[in-house]
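Examination of the molecular architecture
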Amino acid sequence: MQANELIGMGFKEFLAPAKLNLFLHVVSKRTDGYHNIQTVFQLISLYDHIFIKTNTSGNIRRISDHHAIQECDDLTIKAAQILKPFCENQSGADIFIKKNIPMGGGLGGGSSDAATTLIALNALWQCHLSQKKLQELAVKLGADVPFFVFGQNAWAEGIGEKLTPFSIAMRDYLVIAPSETVSTREVFESLELTKDRIPLKIAGFSDELDLENLANDLEKGVLKKFKGISVAFDWLNQFGQAKMTGSGSCIFIPLNTKDIGKEILEKKPQDTIGFIVRGLDSHPHLNLMVET
């Protein structure tokens, strides 16, 4: 179904941006099975499109087909369900998801979809929850979801929910997505921490923090296990300092110009897709947040 058809049927369109981890350090393992991390999240101009139409039946339904994810496991549906108790009337929602962000790529597509659903339905259902309260709900959906509700580039700690605004110079990035997908849970479960990392300090809100020379601690294990990702990583690394985002499988380099990125894309390996994206300052729907 096309966007104009959905809008003609009364759906409203919302954007769910992807993210890059400009570095990712695994600091320690927690007693609850999660890991404490440090990372910098960068929003980028690659979007899933979420179409929402409220209804009076009280039902929450996904009307788009996604064979890889059952509706009951879809974070977008779970986000609507977790917000519904705060809706004073009997409103429901029909939700259509147009995916552009590769799944299993470490770009945060599912988490961003969930966050955009929380933001959108908070406005459409007139729940009037503050941004802080939405972030508290978001933690229950996944470690990356609070960041997308936070709505701006961030220094993140804890499991990723402790967020501080982080200033990043705007630039373009080339992102390569191999055909292999990676399970975040499997990557963290197989992670061998020989010793706890010494946590970094935020260093003057980025002025003194050398992001270029900070790595992703999950890279080594993923590249060892997934040959296709390793091949793509080595190929991209010849054009700049390649890094993996999140738990993989997508890898990226910063670009000096878009034209250089286009030249590189023309040579990309088979069984990969590529994007040239721009760093964003903020979430496209930050204006819908209720502050307090």
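Details of the structure are given in the entry above.
Here's a quick rundown of the structure. The numbering scheme is per chain: residues are counted from 1 as the chain's sequence reads. This being a predicted model, a pLDDT of at least 70 is required before a residue's local features are given, and a value of 80 or more before pairs of side-chain atoms are given or counted; all residues contribute to the totals for chains, interfaces and linings. The basis for the side-chain values is all heavy atoms of the structure; hydrogens and waters are excluded.

**Topic: the sheet that holds strand 9 (residues 251-255)**
Selection rule: By the convention used here, strands pair only if DSSP detects at least 2 bridges between them. Helix and strand labels come from DSSP, where a helix needs a run of H or I of at least four residues and a strand needs a run of E of at least two; each type is numbered from the N terminus. Any two residues whose heavy atoms approach within 4.5 Å at even a single point are treated as in contact. Note on method: axes are straight lines fitted to C-alpha atoms, helices fitted across the in-contact stretch only, with angles between N-to-C directions ranging 0 to 180 degrees.
One open sheet holds the 4 strands; their spatial order is 8-9-7-10, and the pairing between them is antiparallel. Of all the strands in the sheet, the pair left with one neighbour each is strand 8 (243-244) and strand 10 (272-278). Against the sheet, helix 9 (residues 258-265) touches strand 7 (172-178), strand 9 and strand 10, its axis set at about 175° to strand 10.

**Some words on the nonpolar core**
The test is simple: What makes a nonpolar core is a set of buried Ala, Val, Leu, Ile, Met, Phe, Trp, Tyr and Cys residues whose side-chain atoms join them at distances within 4.5 Å. Exposed residues in this analysis have more than 50% of their type's maximum accessible area, buried residues have under 20%, and partly exposed residues fall in between, with area computed by a 1.4 Å probe over protein chains only.
Ile 52, Leu 83, Ile 95, Leu 118 and Trp 125 are the most contacted members of the largest nonpolar core, which totals 39 residues. Counting residues per element, this core draws most heavily on helix 3 (residues 109-124), at 6 residues. For Ile 95, the residues in contact, after removing those within four places along its chain, are Ile 50, Phe 51, Ile 52, Ile 60, Arg 61, Arg 62, Ile 63, Ser 64, Thr 76, Ile 77, Ala 80 and Thr 117.

**Details of the environment of Tyr 47**
Checked against the element boundaries, Tyr 47 lands in strand 2 (residues 35-55). Residues Tyr 47 and Ala 18, 29 residues apart in the sequence, show an inter-C-alpha distance of 6.0 Å.

**As for the environment of Arg 62**
What counts is decided by this rule: Any pair of N or O atoms that falls within 3.5 Å is considered a polar contact. Within protein, one atom must be able to donate a hydrogen and the other to accept it, and sequence-neighbouring residues count only if both atoms are side-chain atoms.
Secondary-structure assignment places Arg 62 in strand 3 (residues 60-62). By relative accessible area, Arg 62 is classed as buried at 12%. A polar atom in the side chain of Arg 62 sits 3.0 Å from the backbone oxygen of Ile 69.

**Focus on unusual backbone geometry**
The linkage connecting Gly 248 with the following residue, Ser 249, adopts the cis geometry, with an omega of 15°. Relative to the elements of secondary structure, Ser 249 occurs in the loop between strand 8 and strand 9. For Gln 126, which is not glycine, the phi torsion reads 55° and is therefore positive. Residue placement: Gln 126 occurs in the loop between helix 3 and helix 4 (131-139). Taking the relative accessible area as the measure of exposure, Gln 126 reaches 56% and is therefore exposed. With a phi angle near 60°, His 128 is a residue other than glycine that sits in the positive phi range. Tracing the backbone shows His 128 in the loop between helix 3 and helix 4. Residue classification places His 128 among the exposed positions, given a relative accessible area of 59%.

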